[in-house]
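Fold and geometry: a report
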Amino acid sequence: MASSLTKDSVTPGTPGSEKTFFGHPRGLATLFMTEMWERFSYYGMRALLPLYLVAPGGLHLSAATATAIYSVYLSLVYLLALPGGWFADRVLGPRKTVAVAGLIIMLGHLTLALPTSGTFFAGLGLVAIGSGLLKANISTMVGHLYDGPDDPRRDGGFTLFYIGINLGAFAAPLIIGTVGENVNWHLGFALAALGMALGLAQYLLGSRHLSARSSHVPTPLSAEEKTATLRKSAMWAAVAVVFYAIVGFSGHYTLNWLLVPITIAGLIIPVVVIARIKRDKALDRVEQSKMSAYIWFFVAAAVFWMIYDQGGSTLSIFADSSAENTIFGWNFPVSWYQSVNPVLIMALAPVFAWLWLALNRRGKEPSTATKFASGLVLIGASFFLFLAPLTIADGGHKAAAMWLVAIYFVQTVGELTVSPVGLSVTTKMAPTKYASQMMGVWFLAVTAGDATTGLLSIAGVDLNKTGIVALQATLAAVAGVAVWMYRKKVKELMGDVH
């Protein structure tokens, strides 16, 4: 990346006189590389996780249990983004919080690399905590590099940052997945730790290029608040320790004692947070109306992510047992399927960005509600498509790899009509009082979707059965049609947001 740094020939001390990263502030290179390596470690581990859980050489669990663990883990990562943002705002500030997050993630992957099943869930917990702390704050620091929301470089900076995410996500399954599947599972997890260590090292070395705002604690806790927070945290930790000690020593402990509470929290907390904001009497009539519209998008996103995130669990487990993972006679590791989405994102995201602008210039750009409806119909279509390889497998044959690639393609197109649009509409519709919290609220839609998948799996539902897949596909398609039918009502509630 060093070769991309240039020196602007302007007077020293003026904006733009420092070294830049493709014309952007030098600090963007630091954050780009940090996020790339963090995503490398995260997606590499995620690609291995369901396969390790079901493998005879791994934990050798059932597909339903593996899907439940995977879904609860993803749910927890996004759930923890909300307290992660609070921690930076009230305790350490974004810059120090991201450094702590990187260290926790690295320790989590190292714990996963230990060849004992007893430490496995502790490692998952550490990675989830670290990811929640990092996810909530690194994007905030990208924003800090620019002169407010009207800086013309801002959107381009976030686009470069997004490329970093997908570069890491693309490379991880190819490297970590191959080593984990073909050499040793725990060596694969160790490579994820190495990736995060590299990201953390360059972050610490390059942090001098970050904005001074990133070191600022916006609303620090008072001494009384610190004492009260520590007291409450210690109390709840003690309750959990005592409870699980009683369950464990009484001989009643099973994995569900851990999974079920997290899953229920993943369903209840998003509802409580949305309801609390909606009931806030400090919001004016316009803000209340926008929140009513936002609930439509939130529920639609939850349904979308419920199906989409099964690309790493349900589809991956199916590929492991029932797909012919070969192209032109060449076998490849199952984890490589997880590289399909990021490479498609990098190829298609610029096309969609150009398409929305072209349609906007002609006055024909679809409304946000229409884009969400399209995303839901597409994610439903991807699972209708999944019925074909399921039927082939039910007939005793191996399904061709291209069936799965086609499913990931349809899901990626759907993602591009929901994810970036949802991020944008969240910032536009956020009530002033909750401006800094609403991104965490958006992540809670992912939590709710993954928690639903986890709950179904815990209940013993086999998500690789034709009937269940068809039911989910139908639910998404019906939800998409419903959003489209009520698009004018939603647009009316959105007020001046377009």
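What comes next concerns the included structure. Being a predicted model, the structure only gives us computed values, none of them experimental.

Looking now at the overall build of the protein chain. When helices and strands are tallied, the protein chain shows 17 helices and 7 strands. The C-alpha radius of gyration computed for the protein chain amounts to 23 Å, which stays within 12% of the reference 23 Å derived for 498 residues, consistent with globular compactness. For the C-alpha atoms alone, the extent of the protein chain along its principal axes is close to 70 × 55 × 55 Å. The long-range fraction of contacts in the protein chain, counting pairs at least 24 apart against all pairs at least 6 apart in sequence, stands at 79%. For the protein chain, the exposed area adds up to about 22,300 Å²; of that, 68% sits on carbon and sulfur atoms. Mean positive and mean negative side-chain charge positions of the protein chain (34 and 25 charges, respectively) differ by 5 Å.

Let us now look at helix α16 (residues 466-485). Taking 1.5 Å per residue, 20 residues should reach 28 Å; α16 reaches 28 Å between its end C-alpha atoms and fits that length. Those residues of α16 that are buried lie in contact with α10 (285-308), α13 (368-394) and α17 (487-494).

Moving on, we come to the pattern of salt bridges. Within this structure, the stated rule accounts for 3 salt bridges. Here R39 makes a salt bridge to E38, at a shortest N to O gap of 2.7 Å. With relative accessibility at 1%, the residue E38 sits in the buried group. A salt bridge links K371 to E365, with the nearest nitrogen and oxygen atoms 2.6 Å apart.

This part covers the packing of α10 against α16. Taken N-terminus to C-terminus, the directions of α10 and α16 make an angle of 155°; their axes are 10 Å apart at the nearest point. Judged by the inter-axis angle, α10 sits roughly antiparallel to α16. Considering the relative orientation of α10 and α16, their crossing is left-handed. Here α10 contributes W296, A300, V303, M306 and I307 to the contact with α16, which in turn contributes Q472, L475, A476, A482 and V483. For the contact of α10 with α16, the per-class residue count stands at 9 nonpolar, 1 polar and no charged.

Turning our attention to unusual backbone geometry. Its identity is not glycine, yet H60 carries a phi of approximately 55°, on the positive side. Counting through the fold element by element, H60 comes out in the loop between α1 (27-54) and α2 (63-79). Even without glycine at this site, F328 takes up a positive phi of about 55°. As for its position among the elements, F328 is in the loop between β5 (326-327) and β6 (330-331). You can call F328 exposed: its relative accessible area is 87%.

We now examine the side chain of D280. In this fold, D280 is placed in the loop between α9 (256-279) and α10. Aside from chain neighbours lying at most four places away, what touches D280 is Q288, K433 and Y434.

What follows covers the packing of helix α14 (residues 401-429) against helix α15 (residues 438-458). Packing of α14 against α15 leaves a shortest axis separation of 9 Å and a crossing angle of 145°. Along this stretch, α14 crosses α15, giving a crossing that reads as right-handed. On α15, the residues that touch V418, S419, G422, L423, T426 and T427 of α14 are M438, M439 and W442. For the contact of α14 with α15, the residue count by class is 5 nonpolar, 4 polar and no charged.

Calculation rules
Residues numbered from 1 in each chain as written. Predicted model: local features only at pLDDT ≥ 70, side-chain atom pairs only at ≥ 80, totals over all residues. Heavy atoms only, no water. Helix = DSSP H or I, 4+ residues; strand = E, 2+ residues; numbered from the N terminus. Rg over C-alpha atoms; globule rule 2.2 N^0.38 Å. Contact = heavy atoms within 4.5 Å. Areas by Shrake-Rupley, 256 points an atom, 1.4 Å probe, with all protein chains shown as cover. Lys, Arg positive; Asp, Glu negative; His and termini not counted. Charge placed at Lys NZ, Arg CZ, Asp CG, Glu CD. Expected span 1.5 Å × (residues − 1). Salt bridge = Lys/Arg side-chain N within 4 Å of Asp/Glu carboxyl O. Buried < 20%, exposed > 50% of the residue type's maximum accessible area, 1.4 Å probe, protein only. Axes fitted to C-alpha atoms, helices over the stretch in contact; angles between N-to-C directions. Parallel < 35°, antiparallel > 145°, perpendicular 65-115°, else oblique. Left-handed = near helix turned anticlockwise from the far one by under 90°. Nonpolar A, V, L, I, M, F, W, Y, C, P; charged D, E, K, R; others polar.

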